[in-house]
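# Notes for the structure review
So you can see what is in the structure, the chains are spelled out below.
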Amino acid sequence: MVTTGELYLLVVTVMALVAFAAAIPVLLDIAREGRERLREGPVSPVEGADEGDGDDGVRCRHCGTVNEGEYAYCEECSQQL
Ligand SMILES: [Zn+2]
């Protein structure tokens, strides 16, 4: 004789198993995407405005120092780039 409690436990267990089985493909997808992202490495930042010459960085108008990256002020003379 199956009691209500046992029936409830059975239903809950089956539902949990079904939910788990449904979640497996999603989890595998997430894991695969994560591995691909790690293999590709971080996305390179978008190139900023070309104020300097070339892609070495921004050349200071005041002292000629090339500042790498997208600094707003010269690292040499502290003037605005
Ligand atoms: Zn400078």
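Criteria and thresholds
- Residues numbered from 1 in each chain as written.
- Predicted model: local features only at pLDDT ≥ 70, side-chain atom pairs only at ≥ 80, totals over all residues.
- Helix = DSSP H or I, 4+ residues; strand = E, 2+ residues; numbered from the N terminus.
- Contact = placed C-beta atoms within 7 Å.
- Buried ≥ 20, exposed ≤ 12 C-beta atoms within 10 Å, placed from the backbone.
- pLDDT = per-residue confidence, 0-100.
- Expected span 1.5 Å × (residues − 1).
- Bend = angle between axes of the 7 residues up to and from the residue.

### Re the overall build of the protein chain
What the protein chain contains, in helices and strands, is 1 helix and 2 strands. Going residue by residue from the N terminus, the α and β elements of the protein chain occur as α-β-β. Partitioning the contacts of the protein chain with sequence separation of at least 6, the portion at a separation of at least 24 is 2%.

### Some details on unusual backbone geometry
Despite not being glycine, Ser78 has its phi angle at roughly 65°, a positive value. Topologically, Ser78 is positioned in the segment after β2 (66-67).

### With respect to the environment of Leu81
Counting through the fold element by element, Leu81 comes out in the segment after β2. A residue is classified by how many C-beta atoms lie within 10 Å of it, and Leu81, with 18 of them, is partly exposed. As for Leu81 and Glu70, which are separated by 11 residues in sequence, their C-alpha atoms are 9.5 Å apart.

### Focus on the environment of Tyr73
Among the structural elements, Tyr73 can be located in the segment after β2. Residue Tyr73 is classed as exposed on the basis of its C-beta count, with 12 C-beta atoms lying within 10 Å. Remark: the alpha-carbon pair of Tyr73 and Cys60, spanning 13 residues in sequence, is separated by 8.5 Å. What Tyr73 contacts, discounting residues up to four positions off in sequence, is Ser78, Gln79, Gln80 and Leu81.

### Quick look at the confidence of the model for the protein chain
The predicted model of the protein chain averages 85 in pLDDT, with 81% of residues at 70 or higher. Mean pLDDT in the protein chain bottoms out at strand β1 (residues 58-59), which sits at 88, and peaks at helix α1 (residues 4-40), which reaches 93.

### Points about α1
An ideal rise of 1.5 Å per residue puts 54 Å on 37 residues; α1 measures up with 54 Å between its terminal C-alpha atoms. The sharpest bend along α1 comes to roughly 30°, located at Ile24, with the proline Pro25 sitting one to four residues further on. Across the 37 residues that make up α1, only a small minority, 0, are buried. At the C-terminal side of α1, Gly41 shows a positive phi close to 80°.

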